Amino acid sequence: MLGASSAKTLFSISLMLVGWQSLSQGALNVELKNIEGKYVTLHQIKGEKLTVLDFWATWCKPCIKAIPELEKLSNEFEDKGVRFVGINNDSPRNISKVRPISKSLGMTYPVLLDTEQELFNEMLVVSLPTLIILRPDGEVVYTHEGYSRGDEVLIKSRIEELLADDE
């Protein structure tokens, strides 16, 4: 049996999780420009089974190190219903760097520009890089903050587990 303070804590955590889930569903409808200058929503470009959001910035060294590894994962999982989407969080002042850097890093998955940090705030992101995996309905099923060499193995493993759960 839970004590009063444990029950309150559990209730608070439950509210936070429900809030996060509903926030992520709203995130599917946030409209952002892509690097070609067209407005799109995540709902329009999400994956059939999973959508992997990579929040990054051009000035973030761990972000830049992670992107080539995420590109490999994107290529590996694109035929399995998984869509990677880069969410760039550079300020309007630095936005001109995003397209050349994304091209130099070989990014073939979509890159959206979140210059006002609308999606960043909607998804409760607090640091860069942050990777968030969503189900098609917007449910957050995995979050990974930061990047160290080898993290791509953990991310790949988690994607495989989530895909296996859907079968």
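Residues numbered from 1 in each chain as written. Predicted model: local features only at pLDDT ≥ 70, side-chain atom pairs only at ≥ 80, totals over all residues. Heavy atoms only, no water.

**Things to note about the pattern of salt bridges**
All chains considered together, the criterion is met by 4 salt bridges. Across the salt bridge formed by E139 and R135, the nearest N and O atoms sit 3.9 Å from each other. Taking the relative accessible area as the measure of exposure, E139 reaches 23% and is therefore partly exposed. (Salt bridge = Lys/Arg side-chain N within 4 Å of Asp/Glu carboxyl O. Buried < 20%, exposed > 50% of the residue type's maximum accessible area, 1.4 Å probe, protein only.)

**Concerning the nonpolar core**
Nonpolar side chains in soluble globular proteins tend to end up buried together. Judged by nonpolar contacts, the single largest core of 49 residues is most densely connected at F55, L119, M123, I133 and I159. The element that contributes the greatest number of residues to this core is helix α3 (residues 61-77), accounting for 6 residues. Setting aside chain neighbours within four positions, we find I133 in contact with L50, T51, V52, E139, V140, V141, Y142, I159 and L162. (Core = buried A, V, L, I, M, F, W, Y, C linked by side-chain atoms within 4.5 Å. Helix = DSSP H or I, 4+ residues; strand = E, 2+ residues; numbered from the N terminus. Contact = heavy atoms within 4.5 Å.)

**Considering helix α6 (residues 151-166)**
In this model α6 runs 23 Å from its N-terminal to its C-terminal C-alpha over 16 residues, within 8% of the 22 Å that 1.5 Å per residue would give. Taken together, the buried positions of α6 are occupied by D151, E152, I155, I159, L162 and L163. What you see down the axis of α6 is that its buried residues fit within an arc of 110 degrees, all on one side. Seen from the open side of α6, the exposed residues pointing more than 90 degrees away from its buried face are V153 and D165. In this structure, the buried residues of α6 make contact with β3 (50-56), α3, β4 (82-88), β6 (130-134) and β7 (140-145). (Expected span 1.5 Å × (residues − 1). Arc of directions from axis to C-beta.)

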